[in-house]
Amino acid sequence: MAKFEYNTPMDIGSAFKTQSEVGEFIEYIIEKLVILSDGKEDDFIPPVVYSVQGRAFNIDYNFMINCISEWLGKPNIIGDFELKKLGNPENIKSGMFLVSGILEEYYEMVRINNSRVNLAKYKSSKSIDMKRRFYNVVVIQNDENVRRFSAVPFNESAIKKTINTDLFLQLETVAKNDNFKQIAFGIGQYNTYVSEANSTPESV
């Protein structure tokens, strides 16, 4: 990659000028993932977990942002993009631009927002407000270990076409594990889980 200049969140687009650069970034995530997962206990939950239902690799958003910051050598990216507990409207706009605008709409690496609406479900509605999002709230369990993801679903087939075959196999080795159980998807199921378990899972 050519020298990358970063001044505002909008500059992140110039880090992904080509499909090749997107592939390089995903490969960097996998390399970090393999190092992070090496030698961990059996109940470890990595920040990337495969979703059988979605045929996607759920990458935790903040882990992805930290990887982008390291990959580009720009620590201030974290402050502009990272999800914070109390929320930040500017960071949310930045995340929407990165995930929904660049990775989903432009490169079609991510699948998260519906492009089709079944109007039959809204017979009495004159207008429909479709809220867009850039991550899904997901809870994963491995034995007694439970973690909350702000999951960005990267399409499995799109990743496979974009990156090195050996790295894709390494990704599968870490992220595909029958012991990983998805016990909540979406904010509704998440709130129900927290209420019934009487505890709030830590972020991955």
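That block above? That's the structure.
What counts and how
Residues numbered from 1 in each chain as written. Predicted model: local features only at pLDDT ≥ 70, side-chain atom pairs only at ≥ 80, totals over all residues. Heavy atoms only, no water. Helix = DSSP H or I, 4+ residues; strand = E, 2+ residues; numbered from the N terminus. Rg over C-alpha atoms; globule rule 2.2 N^0.38 Å. Buried < 20%, exposed > 50% of the residue type's maximum accessible area, 1.4 Å probe, protein only. Areas by Shrake-Rupley, 256 points an atom, 1.4 Å probe, with all protein chains shown as cover. Axes fitted to C-alpha atoms, helices over the stretch in contact; angles between N-to-C directions. Parallel < 35°, antiparallel > 145°, perpendicular 65-115°, else oblique. Left-handed = near helix turned anticlockwise from the far one by under 90°. Contact = heavy atoms within 4.5 Å. Nonpolar A, V, L, I, M, F, W, Y, C, P; charged D, E, K, R; others polar. Core = buried A, V, L, I, M, F, W, Y, C linked by side-chain atoms within 4.5 Å. Arc of directions from axis to C-beta. Polar contact = N/O pair within 3.5 Å; in protein donor to acceptor, adjacent residues only side chain to side chain. Lys, Arg positive; Asp, Glu negative; His and termini not counted. Salt bridge = Lys/Arg side-chain N within 4 Å of Asp/Glu carboxyl O.

K.L.:
I'd like a description of the overall build of the protein chain, backed by residues and values.
P.N.:
From N to C terminus, the protein chain includes seven helices and six strands. Ordering the α and β elements of the protein chain from the N terminus gives α-β-β-α-α-α-β-β-α-α-β-α-β. In terms of C-alpha radius of gyration, the protein chain reaches 17 Å, essentially the compact-globule figure of 17 Å for 204 residues. For the protein chain, the spread of C-alpha atoms along the three principal axes comes to 50 × 45 × 35 Å. Per-residue burial over the protein chain gives 43% buried out of 204 residues. Counting only carbon and sulfur atoms, one obtains 47% of the accessible surface of the protein chain, whose full area is about 11900 Å².

K.L.:
How would you sum up the packing of helix α1 (residues 19-37) against helix α6 (residues 165-175)? Please name residues and give values.
P.N.:
Taken N-terminus to C-terminus, the directions of α1 and α6 make an angle of 45 degrees; their axes are 10 Å apart at the nearest point. As summarised for this structure, α1 and α6 are arranged oblique, according to the angle between their axes. Between α1 and α6 lies a crossing of left-handed hand. Each of Glu-27, Ile-30, Glu-31, Leu-33, Val-34 and Ser-37 in α1 lies in contact with α6, whose residues at this interface are Leu-167, Gln-170, Leu-171 and Val-174. Residues of the contact of α1 with α6, tallied by class, amount to six nonpolar, two polar and two charged.

K.L.:
Any chance you could break down the packing of helix α2 (residues 61-72) against helix α4 (residues 89-106) for me, citing the residues and the numbers?
P.N.:
Viewed as axis vectors pointing N to C, α2 and α4 meet at an angle of 85 degrees, and their least axial separation amounts to 12 Å. As far as their axial angle goes, α4 and α2 are roughly perpendicular. Residues Tyr-61, Met-64, Ile-65 and Ile-68 of α2 pack against Gly-95, Leu-98, Val-99 and Leu-103 of α4. Each residue belonging to the contact of α2 with α4 can be placed in one class, and the counts come to seven nonpolar, one polar and no charged.

K.L.:
Lay out unusual backbone geometry in plain terms, naming residues and giving numbers.
P.N.:
Phi is positive for Glu-108, which is not a glycine, with a value near 55 degrees. You can see Glu-108 is positioned in the loop between α4 and β3 (136-142). Residue classification places Glu-108 among the exposed positions, given a relative accessible area of 59%. Positive phi values are uncommon outside glycine, yet Asn-198 reaches one of about 55 degrees. The topology assignment puts Asn-198 in the loop between α7 (186-197) and β6 (202-203).

K.L.:
Please provide a residue-by-residue account of the nonpolar core, values included.
P.N.:
Membership of the largest hydrophobic core comes to 46 residues, with the highest contact counts inside it found for Phe-16, Met-64, Leu-98 and Phe-154. Excluding its chain neighbours within four sequence positions, the residues that come into contact with Met-64 are Phe-25, Ile-29, Ile-59, Leu-98, Val-99, Leu-103, Val-152 and Phe-154.

K.L.:
Please set out α6 residue by residue, giving values where relevant.
P.N.:
What sets the pattern is the α-helix's 3.6 residues per turn: residues three or four places apart point alike. When α6 is considered as a whole, its buried residues turn out to be Leu-167, Phe-168, Leu-171, Val-174 and Ala-175. Angular distribution of buried residues about the axis of α6 spans 125 degrees; they occupy a single face of the element. Turned more than 90 degrees off the buried face of α6, the exposed positions are Thr-165, Asp-166 and Thr-173. For α6, the secondary structure elements touched by its buried residues are α1, β1 (48-51), β2 (56-60) and α5 (156-162). In this structure Asn-164 caps α6, since a side-chain oxygen of it lies 2.8 Å from the backbone nitrogen of Asp-166.

K.L.:
Give me the lowdown on the environment of Asn-155, citing residues and values where you can.
P.N.:
By the element assignment, Asn-155 lies in strand β4 (residues 145-155). For Asn-155 and Ser-51, which are 104 residues apart along the polypeptide, the C-alpha to C-alpha distance reads 9.8 Å. Within the structure, the side chain of Asn-155 is placed 2.6 Å from the side chain of Ser-157, a separation counted as a polar contact.

K.L.:
Give a detailed account of the side chain of Arg-148, specifying residues and quantitative values.
P.N.:
With respect to the helices and strands, Arg-148 occurs in strand β4. Here Arg-148 is buried and forms no salt bridge, its nearest opposite-charge partner Asp-60 lying at an N-O distance of 6.4 Å. One polar contact links Arg-148 to Ser-150, side chain to side chain, over a distance of 3.1 Å.

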